[in-house]
Each structure stands twice: as C-alpha cells, then as structure tokens.
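Observations on the model geometry
Each chain, letter by letter, is given below.
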Amino acid sequence: MILLGVNIDHCATLRQARYREAPATTGGAVEPDPVTFAVLAERAGADGITVHLREDRRHIQERDVWRLRECIATRLNLEMACTPAMTEFALKLKPDSVCLVPENRTEVTTEGGLDVVGNRARVAAVVDAMNAAGIKTSLFIDPDEPQIELSAKLRAPWVELHTGAYANAYHGADRAAEFQRLRLGAVRAHELGLVVNAGHGISYVNIAEVRTLPHLHELNIGHSIVSRAVFTGVEEAVREMKTRMNP
Ligand code: PXP
C-alpha cells in the first residue's frame, strides 16, 4: 500500500483569495476552512495531512497549523524552509514530521528540490534539531545522486523525491528520461536506507505511472486533489486518488 499525504495548501489559497484581510482564519463568513478539508480527507482515507507554512503566509496561516495539530487524527507533516524561525516554530508545534523545502518568494510553487549539497550546514542543523526532538525529517530533493547520498549521511530518515520535472515533461519528449531519473533515485535512496516519498505535480492521470516507482512509501498530493474536490467533494476526490494509487 502506498500511503497518501494530502496537501491542503490550496484550500487555504481559495480562502485567502477573498479573506486575506479578515481578522480570523475561520468563522463568520470566512471560508473555506482548511481544517474541515483535512478532517474530510482523513475520513476518506488520507494517511496524513501536509501543509506548507510559507514565509509570506500566502496560503496556510499559523493558526491553521495549530488547529490542525489539535484536530487531525492521522499525521501532521509540516513543510518548511530551512530557517531558524521555522525551526523554532516546528519545535514548539511538534508535528509528526517536517519536510524541508527550498523557498523563494517569487515562485508560484516550490520549483526545485532543496540543494542539500549547497546548504549542508543549514540542513544538518535542522535535521539534528528534529532528530533530537523526535520529529522525523524528510528532505525534498531532486532525484540526483549527490543530493540523495548527502541526505543519508546527514541522518535524515526520509527523502521526498521531487516529481515536478517529471510532471512537467509528462506530455513531452522527456517523460521517459525524467521517469528513469526518478526510478534510479528511488533505488539509490532505498539502498542507502532512506524511506522514499515523492510529490509535486502528481495528478489523477500521471499517478498510473508514478505508482510504479520502486520502494514508494508515501505520496504527497495537493493541487490535483483540491481541484477535483471542487467538483466531486473532498471525500470522493481523496477516495478516487487512493484507488488509483493502489488499484
Ligand atoms: N510535496 C512538496 C514538498 C511540495 O512543496 C508540494 C507543493 O506544495 C507538494 C508535495 C504537493 O504538490 P502539488 O500541489 O503539485 O500536488
């Protein structure tokens, strides 16, 4: 069984489109509530809930994260930049896991993997702090050997392989090459003892191939599930994705 982490950021994006200036993140006219989305996703079989608390707070707000910490029954995975402020926040929140991601204010979404090799000391400091606090760390990396090898050396228990380049190439000439890159990355990470997760740009269509990657533990999927939920409701959207992941 491949597990499903549902990323609910874009439920918050919809709320912020209208209620960015509202004094509260929920109640009154403020909608939709990402915590309600998370609870419905769990009811439909989500194995965990993922949120990215971005520095610019463009979608998920701190209050959402604290409410999730109290309300969800599965696992809370906090995506975060590798900064002292976010480390302090995570140590207070105590999510079940954190996923370290690169963050660039001008990007529409997380565009590339974390450069663990280029930011070794910063990444190591956060992994050590999380290991000491009993919080599992996942490193969101491109499926490239130097990044994978250093992730294992820094004692991060998990990696999340960035499937964005594959998803972008899905309808083009580079699809097979990008898939092979992911396949080799998953094999190498598994050989080194890392738990292999993957995410970004996974859809109801490309999941048919993504699910065949070796050693997959969990997929983190957001935009396509939130988009589908607009038409079918949250529970149907989550159930459908889980079925396609594990037919
Ligand atoms: N995993 C990570 C680390 C991400 O940053 C994101 C995007 O926030 C996702 C998974 C989910 O990507 P998508 O919304 O394209 O499914």
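Residues numbered from 1 in each chain as written. Predicted model: local features only at pLDDT ≥ 70, side-chain atom pairs only at ≥ 80, totals over all residues. Heavy atoms only, no water.

Things to note about empty space enclosed by the protein
Rule in force here: Grid points spaced at 1 Å and placed over the protein atoms alone form the basis of the search, with a cavity being a set where a 1.4 Å probe fits but cannot get out and a pocket an open set showing protein on both sides within 12 Å along at least five of seven lines. Lining residues have an atom within 4 Å of a point. Grid points are joined across faces, edges and corners, and a volume is the space filled by probe spheres set on the points. Elements are defined by DSSP. Helices are runs of H or I of four residues or more, strands are runs of E of two residues or more, and each kind is numbered from the N terminus. Charged means Asp, Glu, Lys or Arg here, nonpolar means Ala, Val, Leu, Ile, Met, Phe, Trp, Tyr, Cys or Pro, and polar covers whatever is left, Gly included.
Summed over all chains, the structure comprises one cavity of 30 Å³ or more. Around the largest cavity, the lining residues are Gly-5, Gly-48, Thr-50, Arg-75, Asn-77, Ser-97, Ser-138, Trp-158, Glu-160, Asn-197, Glu-218 and Asn-220. Mapped by element, the contributors of at least two residues to the lining of the largest cavity are strand S2 (48–52), strand S6 (158–162) and strand S8 (216–221). Split into classes, the residues belonging to the lining of the largest cavity amount to one nonpolar, eight polar and three charged.

What about helix H3 (residues 62–71)?
Condition: Accessibility here uses a 1.4 Å probe with only protein chains present; expressed as a share of the type maximum, an area under 20% marks a residue as buried, one over 50% as exposed, and anything in between as partly exposed. Note: the arc covers the axis-to-C-beta directions of the helix. We call two residues contacting when some pair of their heavy atoms lies within 4.5 Å.
Three or more residues of H3 are buried, namely Asp-64, Val-65, Arg-67 and Leu-68. Looking straight down H3, one finds its buried side chains confined to an arc of 165°; they lie on one side. Looking at the buried side of H3, the elements it contacts are helix H1 (9–19), helix H2 (34–43), S2, strand S3 (76–80) and helix H4 (84–93).

Structural notes on the pairing of strand S7 (residues 195–199)
Put simply, the rule reads: Between any two strands, pairing holds if DSSP finds at least two bridges.
Burial within S7 is extensive, with four of its five residues counted as buried. In this sheet, S7 lies alongside S6 in parallel orientation, the contact comprising five bridges. Directly across from Leu-161, in S7, lies its bridge partner Ala-198. Here four bridges tie S7 to S8, and the two strands are oriented parallel to one another. Across the sheet, Val-196 pairs through a bridge with Leu-216, a residue of S8.

Describing the nonpolar core
Where we set the bar: As used in this record, nonpolar core signifies buried Ala, Val, Leu, Ile, Met, Phe, Trp, Tyr and Cys residues forming a set joined through side-chain atoms within 4.5 Å.
Counting residues in hydrophobic clusters, the biggest one holds 70 residues, and the most contacted among them are Val-6, Leu-78, Leu-100, Leu-139 and Leu-219. Setting aside residues no more than four positions away along its own chain, Leu-219 makes contact with Ile-2, Leu-3, Leu-4, Gly-5, Ala-198, Ile-202, Ile-207, Val-210 and Met-245.

Here we look at the state of the cysteines
Formally: Cysteine sulfur atoms that pair up within 2.5 Å are treated as a disulfide.
One pass over the full model with this rule turns up zero disulfides. Summary of cysteine pairing: Cys-71 is not part of a disulfide, and the nearest cysteine sulfur, belonging to Cys-11, is at 14 Å. Under the relative-accessibility criterion, Cys-71 is labelled partly exposed at 43%.

Some thoughts on unusual backbone geometry
Each neighbour pair has its own omega, and for Glu-31 with Pro-32 the value is -5°, a cis peptide bond. Mapped onto the secondary structure, Pro-32 falls in the loop between H1 and H2. Of note in the backbone geometry, Arg-57 takes a positive phi value of approximately 50° without being a glycine. Mapped onto the elements, Arg-57 comes out in the loop between S2 and H3.

Quick notes on the site of the ligand
We count it as follows: Definition of nearness: a residue and a molecule or strand are near each other if at least one heavy atom of the residue lies within 4 Å of the molecule or strand. We define a polar contact as two N or O atoms separated by no more than 3.5 Å, with the added condition that, inside protein, one atom must be a possible hydrogen donor and the other a possible acceptor, whereas residues neighbouring each other in sequence contribute only through side-chain atom pairs. For accessible areas, the Shrake-Rupley method is used with a probe of radius 1.4 Å. Any residue's cover is judged against the shown protein chains and nothing else.
Around the ligand, a shell composed of 13 residues is seen, among which Glu-79, Glu-160, Gly-201, Gly-222 and His-223 lie nearest. Measuring from an oxygen atom of the ligand, one finds a side-chain N or O atom of Glu-79 at 3.0 Å. Measuring from an oxygen atom of the ligand, one finds a backbone N or O atom of His-223 at 2.9 Å. With the chains in place, 95% of the 400 Å² that the ligand exposes on its own is no longer accessible. Split into classes, the residues belonging to the shell around the ligand amount to three nonpolar, seven polar and three charged.

A word on the packing of aromatic side chains
For clarity, the cut-off: Aromatic pairs are defined between Phe, Tyr and Trp rings, using the six-membered ring for Trp, whenever the two ring centres lie within 6.5 Å; interplanar angles under 30 degrees are classed as stacked, those over 60 as edge-to-face, and all others as tilted. Think of it as a cone above the ring: NZ of Lys or CZ of Arg counts as a charge over the ring if it is within 6 Å of the ring centre and within 35 degrees of the ring normal.
For the structure on display, the rule yields three aromatic pairs. Their ring planes at 75° and their centres at 5.8 Å tell us that Trp-66 and Phe-89 sit as a pair that is edge-to-face. Separated by 23 residues along the polypeptide, Trp-66 in helix H3 and Phe-89 in helix H4 bring together distant segments of the chain. Residue classification places Phe-89 among the buried positions, given a relative accessible area of 8%. In this structure, Arg-175 packs its charged tip against the face of Tyr-170, placed 4.1 Å from the ring centre. Against the face of Tyr-204 rests Arg-228, its NZ or CZ located 3.8 Å from the ring centre.

Functional significance is not addressed by these values, which are geometric in nature.
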